[in-house]
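Structural overview
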Amino acid sequence: MTADARYALRGEDEDHEEEQLWALCEEAENLFADPPEPLKRRYELLGCAVDGELPAALGFLVVKPLDKDGEALWEWYLEDARVLTTRPCARDLSRLDVTIEAVRSEQQPDYPQRVPLSVGFSLSDIDDRLLGHFRDLAEVLPVEDPEPHAVRLLGCSLHGPLRDVVEGRGERRLAYRHLDVLDAAGGLLTEAGNPHIVDWQPSPRGPGLYDLTVHMDPQPPVVADIWPLWRGGRPSVPNLWARFCPTGRALWLEPALYHRRGPDRPSGGTYHLDGRHVTDYEGFFCALGEAVNGPGGYFGRCLNGVSDALGGGFGADGPFTLVWYDHETARRCLGVQPLTLRPDSFSELLTFLREKRIEVVLA
C-alpha cells in the first residue's frame, strides 16, 4: 500500500476465483451524492370495490392478502400513493380497475402474490380504515430507472488483470469488483460499493497513473464527514457517532467492525452504556459497542450481531452486567412507529439482553 492511497479497487476476472487487487487510488471525485428520489412504481388494483370515490392522493396504503375466508394473511405497505387512472373492470362492470403510483416500502417482496382460493386483497389507509377490496394486483414497469452514478477514481496505480486490459494485453473479462475505503495505514475502513468501469485515461497526477470513470452500484450515501474521523484509526473520543442521523450511525458501525481489536475480557464484568444519544435503533448499537469496547467500539449492529459477539472474539464474554444510564431517552424513542416494520422497542431490547444472560441495571 502507498501512503497516498485512500481507495483500493479489488475484484475477480474470469480466470481467477480468488479476489485480486486491481488498483490503488489517491482520490475519488463525485463519490458522494444526494440520495436518489425513491423509485416510484405503478400498480394495477384489479376488480376494485370501494366505498365512494378514491381520493387522488392516497398517501400511505396497507394492502392485506386475504385467504378463502376473507382473513388477512399479512400486510404489505405502499408509500406516497396516488391514483393515476380508473376505468370499469372488463370482467365485472360493477367494479373498477385502478392504476396507482407509489413507493414500495423497503424489505418487502416486489408485490404480494394472490394465494390459491384467495378472495383477493383489502386496502386500508395509515389509520387502518378500510378503503375497499380488490381481486388481484399486478405491477407495471417502474416510472423511470435511476441514472447511473458516475464517479472518477483519480491517480490510480493499476495491478493485475485491470492493468492488462487498460494497457491492451489481452481481452480478459473483468467480473465481480468492489471499492474499499482505506485508513491511513492501508487497512480496510469500509466498503463503498460495486463500481463498473466505463472509461480510463492517463492521469495528470503522475506517470503510469490512470483516472478511471466508474458507475457505482449502489450509490454511496453522503458520509463524507464520517470517514475522516476514522482515517487515522479508531477514534479516542466517545459519542462521535451521536451527531449523525440513523443512516450515518449505521455506517459508523462499518469501520467499527473492521477496527475491533484486543482479546476478550472474561465473563462477569460490568460495562456502562451512555444512553443520552440512543434516540434510534442504530444509536443503541453504537452506544453498546462503546460501552463494551470503548470509543469506536463494536459489539454487533443488529440483535443477531450481538448474539454472535457474545459467542467470543468481540471484546467480552458473557454473561456480564450492563449499567444503562439515561435509559428514558430510549424508552421514549425506540420502536414507536405505527404499522410499518419497526425496530425493536426499549422493552423488547431489554428482554433480548436478559435472555442472553446480560444483567441490565437501569441507572
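Residues numbered from 1 in each chain as written. Predicted model: local features only at pLDDT ≥ 70, side-chain atom pairs only at ≥ 80, totals over all residues. Heavy atoms only, no water.

What follows deals with the overall build of the protein chain. When its secondary structure is counted, the protein chain shows seven helices and 16 strands. Once the C-alpha set of the protein chain is aligned to its principal axes, its extents read approximately 75 × 60 × 35 Å. Counting only residues that meet the buried cut, the protein chain has 45% of its 363 residues in that class. Counted over contacts in the protein chain with a minimum sequence separation of 6, partners at least 24 positions apart contribute 66%. (Helix = DSSP H or I, 4+ residues; strand = E, 2+ residues; numbered from the N terminus. Buried < 20%, exposed > 50% of the residue type's maximum accessible area, 1.4 Å probe, protein only. Contact = heavy atoms within 4.5 Å.)

Within helix H3 (residues 246–258), burial applies to Gly248, Arg249, Trp252, Leu253, Glu254, Pro255, Ala256 and Leu257. In this structure, the buried side of H3 is in contact with strand S12 (188–202), helix H2 (227–230) and helix H4 (281–293).

On to the environment of Leu24, then. The residue Leu24 is located in strand S2 (residues 20–29) in this model. The buried category is assigned to Leu24, whose relative accessible area is 6%. Distance from Leu24 to Val306, taken between C-alpha atoms, is 34 Å for residues 282 residues apart in sequence.

Let us look at the pairing of S12. Here strand S11 (residues 174–182) runs beside S12; their pairing, made up of four bridges, is antiparallel. Looking at S12, one finds that Leu182 is bridged to Leu188. As paired strands, S12 and strand S13 (residues 210–217) are joined by eight bridges and run antiparallel to one another. The residue bridging Asn194 from the neighbouring strand is Asp217, located in S13. (Pairing = 2+ DSSP bridges.)

In the structure shown here, the tally under the stated rule is 13 aromatic pairs. An angle of 90 degrees between the planes, with centres 4.9 Å apart, marks the rings of Tyr281 and Phe285 as edge-to-face. Residue Tyr281 and its partner Phe285 are located together in helix H4, separated by four residues, close to a single helical turn. Residue Tyr281 shares its accessibility class with Phe285, and that shared class is buried. Taking 5.2 Å as the distance between ring centres and 70 degrees as the angle between the ring planes, the aromatic pair formed by Trp324 and Phe346 counts as edge-to-face. Separated by 22 residues along the polypeptide, Trp324 in strand S15 (residues 320–325) and Phe346 in helix H7 (residues 346–355) bring together distant segments of the chain. Clustering of aromatic rings is evident, with ring pairs tying together Tyr281, Phe284, Phe285, Trp324 and Phe346. (Phe/Tyr/Trp six-rings, centres within 6.5 Å; stacked < 30°, edge-to-face > 60°.)

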